[in-house]
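Breakdown of the fold
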Amino acid sequence: MNTAIILAAGRGTRMNAGRNKQYLILKNKPILAHSIGIFQKCNLIDEIIVVINQDEEANCRINVIEKYQFNKVKKLVPGGDERQHSVYNGLMHVNSECDIVLVHDGARPLVTHDVIERCLNELRSCEAVSCGMPIKDTVKIIDENRNVRVTPMRDSVWITQTPQAFKLEILLKAHNHALEEKIICTDDAMLVEQLGINVRMVEGDYENIKITTPDDLIMAESILNYKRKFRK
Ligand code: CTP
Ligand code: MG
């Protein structure tokens, strides 16, 4: 059984909107409703767990889950201080039949069925998958004085996106290990890497952006307009 954990328990500080960016409207719908909608429609997903801020529960239930009839959403789970804690809380509530879990940022409303499918297909031959894309610019690793230390070969540098897909057992092990060792990571793949387990990258989509700052909202709206006009 494939479960998607969709994360919406941040505060959206960099968006500077005075409220959680997940509930900002993007083309007539809250950002979170776009993200959940893609997993709701995807026939590869059996169950959705949404991780939220407790004080936003009523808003999420009424204006997102009920309004758009997301009947695959089985639970709204309270998040934690760090993204990692929010994922952990979600993991504690997956169905007992679940063996594969996908973790997705609610702030990535432009993910597609194809990206989800690529992640799940790849997971048939490994334990952990992240989607991502080859970097377009050259990256510099700098020191504290901004002196360039290393310029990695561009071919081997990818940016990561979500979803990331895991065998449930492996992701649970990675989170428990991180708890014991007091490790905090910015994505789940990194937690698995800490166990010495290989994570495979698959192609995501350059359009699968994370809404982080106000300019991302403009970008997302343009992408949606473009999709509607030229691709449907
Ligand atoms: N997230 C979460 N729980 C946290 C922190 C983040 O569920 N404690 C979620 C966010 O809601 C978002 C995703 O993780 O969908 C990616 O995080 P990010 O883009 O950093 O969102 P925020 O933490 O909300 O934004 P900021 O860092 O600007 O405050
Ligand atoms: Mg954050």
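Residues numbered from 1 in each chain as written. Chains lettered and ligands numbered in written order. Predicted model: local features only at pLDDT ≥ 70, side-chain atom pairs only at ≥ 80, totals over all residues. Heavy atoms only, no water.

This part covers the packing of helix H1 (residues 31-41) against helix H2 (residues 57-66). When two helices pack together, their arrangement is captured by the angle between the axes and the distance separating the axes. With their axes 9 Å apart at the nearest point, H1 and H2 run at an angle of 50° to one another. Here H2 runs oblique to H1, going by the angle between their axes. When you trace H1 past H2, the crossing you get is right-handed. From H1, Leu32, Ala33 and Ile36 reach across to H2, where they touch Cys60, Val64 and Ile65. Tallied by class, the residues present in the contact of H1 with H2 amount to six nonpolar, no polar and no charged. (Axes fitted to C-alpha atoms, helices over the stretch in contact; angles between N-to-C directions. Helix = DSSP H or I, 4+ residues; strand = E, 2+ residues; numbered from the N terminus. Parallel < 35°, antiparallel > 145°, perpendicular 65-115°, else oblique. Left-handed = near helix turned anticlockwise from the far one by under 90°. Contact = heavy atoms within 4.5 Å. Nonpolar A, V, L, I, M, F, W, Y, C, P; charged D, E, K, R; others polar.)

Below, the discussion takes up the site of ligand 1. In the vicinity of ligand 1 there are 19 residues, among which Gly12, Thr13, Gln22, Ser86 and Lys210 approach most closely. Lysine 21 is positioned such that a nitrogen or oxygen atom in its side chain is 2.9 Å from an oxygen atom of ligand 1. Contact between ligand 1 and glutamate 82: a nitrogen atom at 3.4 Å from a main-chain N or O atom of the residue. For ligand 1, whose accessible area on its own is 560 Å², the fraction buried by protein is 88%. Per-class residue counts for the shell around ligand 1 are four nonpolar, seven polar and eight charged. (Near = heavy atom within 4 Å. Polar contact = N/O pair within 3.5 Å; in protein donor to acceptor, adjacent residues only side chain to side chain. Areas by Shrake-Rupley, 256 points an atom, 1.4 Å probe, with all protein chains shown as cover.)

In this structure, glutamine 40 sits in helix H1. By relative accessible area, which is 18% here, glutamine 40 ends up buried. What glutamine 40 contacts, discounting residues up to four positions off in sequence, is Ile48, Gln69, Phe70, Asn71 and Lys72. (Buried < 20%, exposed > 50% of the residue type's maximum accessible area, 1.4 Å probe, protein only.)

Attention now goes to the sheet that holds strand E11 (residues 200-203). Here seven strands make up an open sheet; going across it, the order is E5-E4-E1-E6-E10-E7-E11 and the pairing mixed. In this open sheet, the two edge strands, each paired with only one partner strand, are strand E5 (73-78) and E11. On average, each strand axis in the sheet is inclined to that of its neighbour by 25°, with strand direction left out of account. In terms of strand pairing, strand E7 (residues 128-134) meets strand E10 (residues 158-167) through six bridges, oriented antiparallel. Along E10, the bridge assignment pairs alanine 128 with phenylalanine 166. Against the sheet, helix H3 (residues 83-91) contacts strand E1 (2-7), strand E4 (47-52), E5, strand E6 (100-105) and E10, and its axis sits at roughly 145° relative to E1. Of the strands in this sheet, E1, E6, E7, E10 and E11 are in contact with helix H4 (residues 113-122), which crosses E11 at around 150°. (Pairing = 2+ DSSP bridges.)

This part is about the pairing of E5. Across five bridges, E4 lies against E5 in parallel orientation. Bridge pairing in E5 places valine 51 opposite valine 77. In this fold, E4 hands off to H2, which returns the chain to E5; that crossover is right-handed. (Right-handed = clockwise from strand over helix to strand, strands pointing away.)

Okay, the side chain of histidine 175 next. Position of histidine 175 relative to the elements: it lies in helix H5 (residues 168-181). According to the relative accessible area criterion, histidine 175 is buried, its value standing at 2%. For histidine 175, the side chain forms a polar contact with the side chain of aspartate 188, separated by 2.8 Å. When residues no more than four places from it in sequence are discounted, the contact partners of histidine 175 are Gln84, Val87, Tyr88, Leu91, Asp188 and Leu191.

Geometry only, nothing functional implied.
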